[in-house]
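# Descriptive analysis of the structure
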Amino acid sequence: MNNSVTIVPYRYIPFDIGCNVDSHLKAEINNYLLTQEMAAEIKIDSLSKTLSNDILSVYQIKDNVKIYLYKYGIAVFTIDDSAEVFDSDNYAYEYCLKRKSAHEEYLTLKNSTAIILYQLAERIRDIASGKKDKLRISASNIWEHNGFSYVMTVSNVNLQELDFNYKEMTEKAKKNLHIMLEPSIAHAEDSLVYSTASDFENNSLEIDLSSLEEPTDWIKSSGFPDMSK
């Protein structure tokens, strides 16, 4: 490919606080985050309000890390990770493997940000346990992956072309698009173990496009909510 592709990953890592968050517990968590962690409470964005009426507050933990607090006792860390640049025709497959590796690092506490998130989650659960007799079983550091269940990444793919017409795309561009939308067709999904995934590396673009449906552009569809308002 003639032009490089830049992809910016935005990670979402939910965890269970263990109980519903009432006004008293929210005040305790708020006090801890603002005084002990030097976090800043920030305005709830319109998209978050649109997606859930149960959002209570949002805090900036680091320049690239926020935590969203919900009434039903779930909190979500968001991380604006570093942009990645690819010069390969096979950029989608390469990126999906990197994403897979990044998810493993967060869930196994193999990077400094993951350790910070783990410590914050543990402290918030400690605060909740002081207010409630019993927390939900999933509110524990022995739950699944150090108290976290999964990492979800939303990927912002920056290409030179600004107006996409699927029918006019090259075959390689179509394959990259399909892999980004559905990594499993190139054996790059998170659930596939790394040793197995590597066996498919040379065949990741050997995809039969005729068996795949044209992706729907939900932004242009009438059913997509207008987030600009």
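Residues numbered from 1 in each chain as written. Predicted model: local features only at pLDDT ≥ 70, side-chain atom pairs only at ≥ 80, totals over all residues. Heavy atoms only, no water.

### Overview of the packing of aromatic side chains
One pass over the full model with this rule turns up five aromatic pairs. A ring pair is formed by Tyr 70 and Tyr 72, whose centres lie 5.6 Å apart and whose planes are at 15°; its orientation type is stacked. When its relative accessible area of 35% is taken as the criterion, Tyr 72 is described as partly exposed. Between Phe 86 and Tyr 95 the ring centres are 6.1 Å apart and the planes differ by 90°, which places this aromatic pair in the edge-to-face class. There is no split in this pair, since Phe 86 and Tyr 95 are both buried. Members of the aromatic cluster, each reached through a chain of ring pairs, are Phe 15, Phe 77 and Phe 148. The lysine or arginine in question, Arg 123, covers the ring of Tyr 32, its NZ or CZ lying 5.3 Å from the ring centre. For the cation-ring pair, Lys 174 lies above Tyr 166, with the distance from its terminal atom to the ring centre recorded as 4.9 Å. (Phe/Tyr/Trp six-rings, centres within 6.5 Å; stacked < 30°, edge-to-face > 60°. Buried < 20%, exposed > 50% of the residue type's maximum accessible area, 1.4 Å probe, protein only. Lys NZ or Arg CZ within 6 Å of the ring centre and 35° of its normal.)

### Concerning the confidence of the model for the protein
Caution applies to low-pLDDT parts of the model: their predicted coordinates are not meant to be read in detail. The predicted model of the protein averages 85 in pLDDT, with 85% of residues at 70 or higher. Here residues 192-197 scores under 50 on pLDDT; set against residues more than four positions off or in separate chains, the count is 11 contacts. (pLDDT = per-residue confidence, 0-100. Contact = heavy atoms within 4.5 Å.)

### Considering helix 1 (residues 23-35)
Between its first and last C-alpha atoms helix 1 spans 18 Å; for 13 residues at 1.5 Å apiece the expected length is 18 Å, and the two agree. Every buried residue of helix 1 is accounted for by Leu 25, Ile 29, Asn 30, Tyr 32 and Leu 33. The buried residues of helix 1 all sit within an arc of 165° when viewed along its axis, so they share a single face. For helix 1, the exposed residues lying more than 90 degrees away from the buried face are Ser 23 and His 24. (Helix = DSSP H or I, 4+ residues; strand = E, 2+ residues; numbered from the N terminus. Expected span 1.5 Å × (residues − 1). Arc of directions from axis to C-beta.)

### Remarks on helix 4 (residues 112-129)
Between the first and last C-alpha of helix 4 there are 26 Å, a value that for 18 residues agrees with the 26 Å anticipated at 1.5 Å per step. Buried within helix 4 we find Thr 113, Ala 114, Leu 117, Leu 120, Ala 121, Glu 122, Ile 124, Arg 125, Ile 127 and Ala 128. For helix 4, the capping residue at the N-terminal end is Asn 111, with a side-chain oxygen 3.2 Å from the backbone nitrogen of Thr 113. (Polar contact = N/O pair within 3.5 Å; in protein donor to acceptor, adjacent residues only side chain to side chain.)

### Some remarks on the environment of Asn 158
Looking at the element boundaries, Asn 158 is found in strand 7 (residues 152-158). By relative accessible area, which is 36% here, Asn 158 ends up partly exposed. Separated by 151 residues in sequence, Asn 158 and Ile 7 place their C-alpha atoms 6.0 Å apart. When near neighbours in sequence (up to four residues on either side) are disregarded, Asn 158 contacts Val 5, Thr 6 and Val 8.

### Section: the nonpolar core
If you look at the biggest cluster of nonpolar residues, it comprises 31 residues, and the most contacted ones within it are Phe 15, Leu 33, Ile 67 and Phe 77. With seven residues, helix 4 is the single largest residue contributor to this core. Formed by 13 residues, the second largest nonpolar core is a distinct cluster that contains Val 5, Tyr 93, Met 180 and Ala 188. (Core = buried A, V, L, I, M, F, W, Y, C linked by side-chain atoms within 4.5 Å.)

### A word on the pattern of salt bridges
Taken as a whole, this structure holds eight salt bridges when the rule is applied. A salt bridge links Lys 132 to Asp 22, with the nearest nitrogen and oxygen atoms 3.6 Å apart. Taken together, the residues Lys 132 in the loop between helix 4 and strand 7 and Asp 22 in the loop between strand 1 (5-16) and helix 1 connect sequence positions 110 residues apart. When its relative accessible area of 31% is taken as the criterion, Asp 22 is described as partly exposed. With its nearest N and O atoms 3.3 Å apart, the salt bridge here joins Lys 131 to Glu 28. (Salt bridge = Lys/Arg side-chain N within 4 Å of Asp/Glu carboxyl O.)

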